[in-house]
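In case you want the letters, here they are:
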Amino acid sequence: MATKTEDETGVTTGAEAAEKKTDGPGRETTAELAENAPTGADAHDIDGEPTGQTGHAQATGPSGVGQGAGAVVSVVLGLASLNGGWLGTVAAARQTLIGQLETSSRAGVAQQIQAVYGDAWQATALWAGVFALAALVTGFVVLARPAFGAPGRPQAPWIKSVAWAGVAVGVIGLLLAVLKYTGILFGLPSAS
């Protein structure tokens, strides 16, 4: 069975097309380009990265994207702990409404202040503490991840920096949450 090298439109097909010479001075043919192309460990792609089997083995492994995302999430959770977040605001408004509904008009002033404002303040502090703990846990997990990952592959410095920032903001948020919940920071006014 014979192979056809040109179809009806004049386009060359098959193995003979690689050996077809081009016209023009200084231009290499396809066959010459194929002969001169580096192979194995010498081959590089457009970005200068090695190709072939040796390059493929170096390219596999964790890229650190998950660790970077975890570090950023840690910082965001820490910042949410500082302002209470949307959940803290909703919980405080709900607790204020509950305090207004459950407190009778004959209750003492101190009891009304605690039911309407104090419980709402503690609800905000509680949610801030939850966000702060989440920031701390997430930051520590990102920092501890290289110990359980691929050996010999160090964590990027920016990931460590952002994770430490998340831990630091989480510690500050947790401290403020405890101070708000206990009434040391912005305690309720006395009813006397």
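Worth saying up front: this structure is predicted, and the values here are computed from it rather than measured. Throughout, residues of each chain are indexed from 1 in the direction in which the sequence is written. Restriction of local features to residues with pLDDT of at least 70 applies here, the model being predicted, together with a cutoff of 80 or more for giving and counting side-chain atom pairs; totals for whole chains, interfaces and linings are based on all residues. The side-chain quantities take in all heavy atoms of the structure and omit both hydrogens and water.

S.K.: Sorry if this is basic, but what is going on with helix α5 (residues 109-148) here?
M.R.: What sets the pattern is the α-helix's 3.6 residues per turn: residues three or four places apart point alike. Labels follow the DSSP assignment, with helices taken as runs of H or I lasting at least four residues and strands as runs of E lasting at least two, numbered in each case from the N terminus. Here, expected helix span is obtained from the residue count minus one, scaled by 1.5 Å. Over its 40 residues, α5 extends 57 Å from the first C-alpha to the last, a length consistent with the 58 Å expected when each residue adds 1.5 Å. Two axes enter the bend calculation: one fitted to the seven residues ending at the residue in question, the other to the seven starting there, and the bend is the angle between them. Ala 115 marks where α5 bends most, by close to 35°.

S.K.: Any chance you could explain the environment of Arg 145 here in plain terms?
M.R.: Relative to the elements of secondary structure, Arg 145 occurs in helix α5. Residues Arg 145 and Gln 155, spaced ten residues apart in sequence, show a C-alpha to C-alpha distance of 8.8 Å.

S.K.: When you look at the side chain of Gln 155 in this model, what are you seeing that I'm missing?
M.R.: Here Gln 155 lies in the loop between α5 and α6 (157-182). Any pair of N or O atoms that falls within 3.5 Å is considered a polar contact. Within protein, one atom must be able to donate a hydrogen and the other to accept it, and sequence-neighbouring residues count only if both atoms are side-chain atoms. Here Gln 67 takes part through its side chain, which lies 2.7 Å from a polar atom of the side chain of Gln 155. A polar contact is formed between the side chain of Gln 155 and the backbone oxygen of Val 142, at a distance of 3.0 Å. Pairs of residues are marked as contacts when any of their non-hydrogen atoms sit within 4.5 Å. When near neighbours in sequence (up to four residues on either side) are disregarded, Gln 155 contacts Gln 67, Val 142, Leu 143, Pro 146 and Lys 160.

S.K.: Explanation requested: the packing of helix α3 (residues 65-83) against α6 in the structure shown.
M.R.: Packed helices, taken two at a time, are described by their axes: the angle between them and the distance between them. Where helices are involved, their axes are fitted lines through C-alpha atoms of the stretch in contact, as for all axes, and angles between N-to-C directions lie from 0 to 180°. Running from N to C, α3 and α6 point in directions that differ by 20°, and their axes come no closer than 8 Å. Taken as axis vectors, α3 and α6 run roughly parallel relative to one another. Where α3 crosses over α6, the handedness of that crossing is left-handed. Within the contact between the two elements, α3 uses Gln 67, Gly 68, Ala 71, Val 72, Ser 74, Val 75, Gly 78, Leu 79, Ser 81 and Leu 82 and α6 uses Trp 158, Ile 159, Val 162, Ala 163, Ala 165, Gly 166, Val 167, Val 169, Gly 170, Ile 172, Gly 173 and Leu 176. A class-by-class count of the residues in the contact of α3 with α6 yields 14 nonpolar, eight polar and no charged. Here is the rule for angles: anything less than 35 degrees is roughly parallel, anything more than 145 is roughly antiparallel, 65 through 115 is roughly perpendicular, and the remaining ranges are oblique. For a crossing to be left-handed, the near helix must be turned anticlockwise from the far one by less than a right angle; the clockwise case is right-handed. In this classification, Asp, Glu, Lys and Arg are treated as charged, Ala, Val, Leu, Ile, Met, Phe, Trp, Tyr, Cys and Pro as nonpolar, and every other residue, Gly included, as polar.

S.K.: Teacher, can you tell me more about the packing of aromatic side chains here?
M.R.: Two numbers describe a pair of aromatic rings. These are the distance of the centres and the angle of the planes. Two aromatic rings, drawn from Phe, Tyr or Trp (for Trp, its six-membered ring), form a pair once their centres lie within 6.5 Å of each other, and the interplanar angle then sorts them: stacked below 30 degrees, edge-to-face above 60, tilted otherwise. Under the criterion given, the structure shown has zero aromatic pairs. Seen from the ring of Trp 121, Lys 180 lies directly overhead, with NZ or CZ sitting 5.6 Å from the centre. Placement of a charge over a ring requires the Lys NZ or Arg CZ to be within 6 Å of the ring centre, with the centre-to-atom vector within 35 degrees of the ring normal.

S.K.: Any chance you could explain the confidence of the model for the chain here in plain terms?
M.R.: Note: predicted coordinates in regions of low pLDDT should not be interpreted at a detailed level. Confidence scores per residue from the predictor, reported as pLDDT, run from 0 to 100. Scored by pLDDT, the chain has a mean of 75; 65% of the residues are at 70 or more. Low pLDDT (under 50) marks residues 53-57, which in the prediction has three contacts with non-local residues, meaning those over four places away or in another chain.

S.K.: Please explain α3 as it appears in this structure.
M.R.: Compared with an ideal rise of 1.5 Å per residue, which puts 19 residues at 27 Å, α3 spans 28 Å between its outermost C-alpha atoms and is within 8% of the ideal. The buried label applies to any residue whose accessible area, calculated with a 1.4 Å probe on protein chains only, is under 20% of its type's maximum; exposed applies above 50%, and partly exposed to all values in between. For α3, every residue scored as buried is listed here: Gln 67, Gly 68, Gly 70, Ala 71, Ser 74, Leu 77, Gly 78, Ala 80 and Ser 81. Lining the buried residues of α3 we find α4 (85-102), α5 and α6. Looking one or two residues past α3, Gly 84 carries a phi angle of roughly 90°, positive in sign.

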